[in-house]
Structure formats: C-alpha cells, structure tokens
Amino acid sequence: MNYEDLHLITHWAQVVQLRDDDLLTSAELELIERAGRGETARIGPTVPNLKNPAILIRAALLRYLILGGCKDFPTQPQGVTVMGAWISGTLDLSFTQARGPIDLFNCYIAEQPQMLQLQADGLALAGSTLPKGLNAARLQISGNVALNGARIEGKTSLSGGEIKGHLACNRASFRNAGGSALKAQGVKIASSVHFEQTTAEGLVSLLGSQIGGQLICIAAELRNPDGIALNCQSTQVRGDAFLRDSVTAGEVSFLGAEIGGVFDCAHASLRNGDGPALNAQRLVVKEGFIWRRIKNVAGAVDLTSAHVGDLWDDPESWAKCDRLFLSGFIYDVLHGGIDVDARLAWLQKGAVSRREFYPQPYEQLAKLLRDTGHRTDARAIMVAKEKEHRKASRARWRREMDWRDALRQASLLTGDDRVAAIAQLTLQRPNDEHLARLQLLHETHDDIAPLTLQYAQKQFRDEQRWHNIRARLRNAGSVVADRVFGVVVGYGHKPERSFYMLMALVLIGWFLADQAWEEGDFAPTAAPVLMSAGWQVLATDDAVQNPAKVWSDKYIAGTDQFTAGRDYETFNAVSYAIDLVVPIVSLGQEAAWAPSTTRGPWGWWLWWARWWLIIFGWIVTAIGAAAVTGVIRRD
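Keep in mind the model is a prediction, meaning the values are calculated, not measured.

Peer 1: I'd like to hear about helix α15 (residues 573–581), residue by residue, with values.
Peer 2: Along an α-helix, a turn takes 3.6 residues, which lines up residues three or four apart on a common side. Of all the nine residues making up α15, seven are buried; the element is thus mostly covered by neighbouring parts of the structure. Residues of α15 that are buried: Ala573, Ser575, Tyr576, Ala577, Asp579, Leu580 and Val581. For α15, the N-terminal capping position is held by Asn572, with its side-chain oxygen 3.1 Å away from the main-chain nitrogen of Val574.

Peer 1: Which residues make up the pattern of salt bridges, and what are the values?
Peer 2: A complete count under the given rule lists 27 salt bridges for this structure. With its nearest N and O atoms 2.7 Å apart, the salt bridge here joins Glu201 to Arg175. Of this pair, Glu201 sits in strand β22 (residues 199–205) while Arg175 is found in strand β19 (residues 173–183), placing the two residues 26 residues apart along the sequence. On the basis of relative accessible area, Glu201 is assigned to the partly exposed category, the value being 32%. Among the ionic pairs, Lys458 bridges to Asp462, the shortest N-O distance being 3.0 Å. Taken together, the positions of Lys458 and Asp462, both in helix α10 (residues 450–489) and four residues apart, correspond to about one turn of that helix.

Peer 1: Go over the environment of Gln515 with me, naming the residues and quoting the values.
Peer 2: Turning to its location among the elements, Gln515 is positioned in helix α11 (residues 496–518). Linking Gln515 and Leu50, residues 465 residues apart in sequence, is a C-alpha distance of 106 Å.

Peer 1: Any details on the packing of helix α7 (residues 375–412) against helix α8 (residues 415–428)? Residues and values, ideally.
Peer 2: Interaxial distance between α7 and α8 falls to 9 Å at its minimum, and their mutual angle equals 155°. Here α8 runs roughly antiparallel to α7, going by the angle between their axes. Like other packed secondary-structure pairs, α7 and α8 cross with a definite hand, here left-handed. On α8, the residues touching Trp403, Ala406, Leu407 and Ala410 of α7 are Arg418, Ala421, Leu425 and Gln428.

Peer 1: Kindly report on the packing of aromatic side chains, identifying the contributing residues and their values.
Peer 2: Throughout the structure, instances matching the rule amount to 26 aromatic pairs. Between Trp517 and Phe522, the ring centres sit 6.1 Å apart and the planes meet at 55°, which makes this aromatic pair tilted. Here Trp517 falls in the buried class, since its relative accessible area comes to 9%. Since its relative accessible area comes to 1%, Phe522 is described here as buried. Put simply, the rings of Phe254, Phe263, Phe289, Trp291, Trp318, Phe329, Tyr331 and Trp346 touch in pairs and so form one group of aromatic residues. Lying over the aromatic face of Trp397, Arg474 brings its terminal NZ or CZ to 4.2 Å of the ring centre. The ring of Trp611 is capped by Arg610, whose NZ or CZ atom sits 4.7 Å from the centre of that ring.

Peer 1: Give me the layout of surface pockets: which residues, what numbers.
Peer 2: Taken as a whole, the largest pocket holds about 240 Å³ of empty space. Residue assignment for the lining of the largest pocket shows that the elements contributing at least two residues are β17 (162–163), β20 (188–189), β23 (210–211), β26 (236–237) and β29 (258–259). Among the residues making up the lining of the largest pocket, the classes are represented as six nonpolar, four polar and six charged. Looking at the second largest pocket, the residues that line it are Gln281, Asp302, Thr304, Phe325, Ser327, Ser353, Arg354 and Tyr358. Grouping the constituent residues of the lining of the second largest pocket by class yields two nonpolar, four polar and two charged.

Peer 1: Break down the pairing of strand β34 (residues 307–313) for me, with residues and values.
Peer 2: As defined by bridge partners, strand β32 (residues 284–291) adjoins β34 across six bridges and the pair is classed as parallel. Its bridge partner being in β34, Ile290 is matched across the sheet by Trp312. Where β34 and strand β36 (residues 330–334) come together, four bridges link them in parallel fashion. Counterpart to His307 in the pairing with β36 is Ile330.

So, how was this worked out
- Residues numbered from 1 in each chain as written.
- Predicted model: local features only at pLDDT ≥ 70, side-chain atom pairs only at ≥ 80, totals over all residues.
- Heavy atoms only, no water.
- Buried < 20%, exposed > 50% of the residue type's maximum accessible area, 1.4 Å probe, protein only.
- Helix = DSSP H or I, 4+ residues; strand = E, 2+ residues; numbered from the N terminus.
- Polar contact = N/O pair within 3.5 Å; in protein donor to acceptor, adjacent residues only side chain to side chain.
- Salt bridge = Lys/Arg side-chain N within 4 Å of Asp/Glu carboxyl O.
- Axes fitted to C-alpha atoms, helices over the stretch in contact; angles between N-to-C directions.
- Parallel < 35°, antiparallel > 145°, perpendicular 65-115°, else oblique.
- Left-handed = near helix turned anticlockwise from the far one by under 90°.
- Contact = heavy atoms within 4.5 Å.
- Phe/Tyr/Trp six-rings, centres within 6.5 Å; stacked < 30°, edge-to-face > 60°.
- Lys NZ or Arg CZ within 6 Å of the ring centre and 35° of its normal.
- 1 Å grid on protein atoms, 1.4 Å probe; cavity = no way out; pocket = protein on both sides within 12 Å on 5 of 7 lines; lining within 4 Å.
- Points joined across faces, edges and corners; volume = space filled by probe spheres on them.
- Nonpolar A, V, L, I, M, F, W, Y, C, P; charged D, E, K, R; others polar.
- Pairing = 2+ DSSP bridges.

This is the structure we're talking about:
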C-alpha cells in the first residue's frame, strides 16, 4: 500500500494491517487513539505550512473515522476533532452521514473536500486552510457550520443546503477572483449568518437563501470589482441585516430581498464605479433602514420600489451617492430630520432616472409630512415637485426639438456625410419612425421620379421645422403659464398667495387713487353731472384746485349752504381700488368716478395703471378661485 495514498478504508482490520506494517504516521496513530475516546487529536497548535509525517493524516483514514468507524472500532458520538494536521488526499464525504460533528481546526486540507449532500451534526473548519476550495452543496447540518478564521482559495459551495444552527464565517478569507468565492444560494439557515471582519475576493452569494436570524456583515471587505460583490437577491432575513463598517468593491444586491428587522448600512463604504453600488430595488424592510454616516459611495444607490418601515438617514450620506434612484421608494416614518432644503436636494437627485422625472418621491415625502402635521413643509415640497416636473417636461420637449433638428440637418447632407449622420442617429434611436422615414426618403428608388423624391424630402424637412416652431411656442407659453401659476398660487398648493397679491394690487390702486383725488385729478362719470351748471362752474374755474372734492362736499366752503353734489357717491380711495382689482366685487366707486388725464400727472398715471390693475385682478382672482376649488390642484 502506497504511503501517500490510501484506498477506501471500511473495516478496522485494514487499519490494523496498516499499523502492523508501520504505514501509519504518528499523527494518524494519535488520531485513532483520540477518536476511540471521543477526544481532540491535537496534532499541532497552528496551521502547518510544511508537509511531514509528524503532522500528516491521510483523507481515507479520516473519512473512515468521521463516518463512525465500524463495529470493531466505533468512534464516539462526539465525532472527530482534529487540530493542526496536514490532511493529504481527497476527503470525500459526499452522500454520507457522519457520526457526530466534524471539527477540523487549524488544519491544512491539501485537496478540495467533497461534502456533497453530507449529513452531520456540525461542521467546523475554523482556522483551517483549504487551497483548492470546498464543495459542500446541499449540505445537511443539524447544528452549526463554522468557518471562522478559515483561509479558502477557490470556490466554496454551500448551495441548496440546510443548516439548523448558524453559519459563522467571522475573520474568514475567501478568494476566487473573477468567480464565486462563497456560493450559498438557496441555503436554509435556521439561525444567523456571520461575516464579521470577513474578506472575500470574488462573488459572495446568498441568492434566494432563507435566514432565520440575522445577517451580520460588519467590518467585512468584499471585493468583486467586475461583478456582484454580495448577492442577496430574493434573500429572506427574519432578523436584522448589517453592512455596518463594511467595504465593498462591486455591486451589493438586495434586489427583492425581505428583511424582518433593521437594515443597517452605517459607516459603510460602497464602490462600484459606473454600476450600482447598492441595488435595493423592491427591497422590503419591516423595521428600519439606516443610511447614516456613510463613508463613501462610488456608483448608484437604487431604491426603486423599495419599502421600509423607519428611515434613519442624514443629508451628508445621500450627498455622497454618485447617482440615486428613489422612484417608488416608500417609508412609513422619517427620523432623519425635516430640513426642507436638504430634503429637496435629496429628491432632486433621486427623482430623475434615465433623464425622466418621477414625481412619486416628492409625493411620498409630502404625504408623510402632511400626516405628521408638517403641512407647510409638505406644501413646499409639492411646489418644488411642480417646478421640477414642468422643468423636466420642457427639457423633454427640447430634446425632441434637438432630435428633429438633427433629422432635418441630416436630410440636407449629401453622400457619405448623410450616411454617417444617419448611422449616428440610428445609434441614438434605432426604432424612431421619423428616422425610418428619413432613411426611406434618401434611398435610391428607380420607380420614383427624382423630382417627386426631392419634393418628399423637402416636405419631410418642412414637417420637422414646423414641429419645432410649434414646440418652441408651446415651450414659451408653458414658461409663462408656469411662472404665473407658481407666483400666484404656488401651483395650486398655496392658494393664499392670490389673496396676498390681490391685497398688494389694492394697495397700489389705493395709493394712486388717493394721490389723484388729493391732487384734484378725479371727475364724476355721470353725463348729467358733467353737463350740469354746478359742475361746469367748478371744473372751469382755475382757482379751484380740486373741483370734484369741492363739488361733492356737504357744504359750500364758508357757508351753510349744501353743495350740488352732496348726494352723489362719496369717493373712497380704498373702495375705488377694490372696485378696480376685484372683478367679483362692485362697490360703485368705479362707476361713479374716473381719473382725468388732463388735470395732472397722478390722474394720467392712474388712468393707464387701472387697465393693468383690472387685468391682473382678473388673472389673480381666476387662478386663486381655481386653486381654492381644486381645479388646478395636483395632489
């Protein structure tokens, strides 16, 4: 029998024969003795770095003892525990059932262990070195799997397994650059998963796994720059999930995951260049999402359609995100403070995806603020939403105008220049119907007269030009309308502004009317009064500075005789201004008095100003009424 390799051992007699032939190492003899008593075989204190007979244990003998030995030499229910050994050969435990737990501490396992569908009470490779990986897919463990401090090169597979305890990988190192470093897809773990201070080069995948406790990834370093560093897509975590203080290079994906507790990303550093640093689309967190004191984010943070209970955040952490997607993001409680300016900066960054504006993030925050009593802040958010929404619409129109201009310019080119321009446009919008028309019109058609084709090309260019003329007019009208709605009623969310504007217009009208009256620049509007002798005497007398006031006073100055106009409508500057500005109110002042353009400058100014006061009064009143009744409100 070769010293380096042992054939399959199934009977104690084979072991006796090896011992009698002096083919067992001192480490193997120690293992046999300790396994028979259920004790730890302490071969060495640390992981061996050099193979020699004093620490060598061959896999065939170890397998025989792990599986319980035989009736002539049964191992104890405590299982096999080895410390500090060099394990040579392939430890093949696939489709077997171990007697007790398997504990290999600080061992060097030269070949890849084969543990496919192994059943055992526990598995511990703590502190061990596995230079060729580990195949333990569909593992069935009734206790814990401990890989704490292990150094594993190559793929580690635990996919499809079931662990009724916890999976502990604290301070472990998994290295398989460009491939799967730790593959635990679809695994069922009754307790928690520990990755504290763990390092990994390659993919760490928990896709579709079910974790009954917590996912603890604290101070870990996970690197897979060209792909996904941590894949928790569709993973179910009954407790909390922690990325606290972790450093990742590559995508961290919690797409469609469900977390029953808190998802804590505090102090994390997430980097993925142009890709998503954190992909949390459709993530559900029952309790809270913590996004505070983030150290660094290089890449996108995608929270599209995610739903979390409490949101604990700070503006500085959001500001570190290169790109942010918040469309459909729902949170029930906000703990990060309500600084409107900071929140608006957050929303402006997260409400745009692929140049399209999504109003839902604004609506979500405004709803929460209203529900918690912050109505003024909620209205400020909604006003900002309307501004951004309209700005985004105009930007979309401008992009369409640029596209139509590009089509028209390409149609004007000839030869290779036109071919190159059309090819460039095809890269931008390969399925555009107008581009298809452009290509068709500039192909060679033997059955179409050149003059007809030229006319069709000109018609195409005219269509693009007229489209842009209409779009520019619409854009200009939109700008004016938006400014008016924004200033007058805050896009329907601040209707009280219309009242303040009406008051401002009334004050202007009152000031002008009062000055014009005091300077004698008013006259009655009734034709019989204007033609009466009493008025004519006063109006034509240069010594009378204010004929309207003298005429309408109760008594003639210095006498006890009544004036001719004592029963006429008494002038009041405030009432006159209200009559001008508020179209739904008629106090009789405008009908009774009119400013004169020939008596003085104040009358001239009021004469022209009143038209603008009337126009602005109609506009403000109409828009204000529409806002109050909800016609232009967009909640």
